[in-house]
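Analysis of the macromolecular model
What follows is the residue order along each chain.
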Amino acid sequence: MVVLIGIILLSALILIIRLFGAWMLRIDEVIKLQKEMLAEMKKHSQQQLS
């Protein structure tokens, strides 16, 4: 019984770590997109000033 509980806890821990990793990757993607948008906005604002 103790072995079964240990396996279940280990599986739950692995799933939580994987979910956290996927969440962090999503945040990285959002930051990358925001940097691209900022660069595009800067480019357009400089063109309007010229």
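See above for the structure.
Summary of the structure given here. (Residues numbered from 1 in each chain as written. Predicted model: local features only at pLDDT ≥ 70, side-chain atom pairs only at ≥ 80, totals over all residues. Heavy atoms only, no water.)

**A look at the packing of aromatic side chains**
This model, assessed by the stated rule, comprises one aromatic pair. Ring centres of Phe-20 and Trp-23 lie 5.7 Å apart, and the angle between their planes is 40°; on these two criteria the pair is classed as tilted. Note that Phe-20 and Trp-23 are positioned in helix α1 (residues 2-49) at a spacing of three residues, about one turn of the helix. The exposure class assigned to Phe-20 is exposed, which follows from its relative accessible area of 51%. Note on Trp-23: relative accessible area 43%, which makes it partly exposed. (Phe/Tyr/Trp six-rings, centres within 6.5 Å; stacked < 30°, edge-to-face > 60°. Helix = DSSP H or I, 4+ residues; strand = E, 2+ residues; numbered from the N terminus. Buried < 20%, exposed > 50% of the residue type's maximum accessible area, 1.4 Å probe, protein only.)

**A closer look at the pattern of salt bridges**
Opposite charge on two side chains lets them pair, provided their charged atoms get close. If you walk through the whole model with that rule in mind, you get one salt bridge. Its salt-bridge partner being Lys-43, residue Glu-40 comes within 3.8 Å of it at the nearest N-O pair. One end of the pair, Glu-40, and the other, Lys-43, are both in helix α1, three residues apart, so they sit about a helical turn from each other. According to the relative accessible area criterion, Lys-43 is partly exposed, its value standing at 43%. (Salt bridge = Lys/Arg side-chain N within 4 Å of Asp/Glu carboxyl O.)

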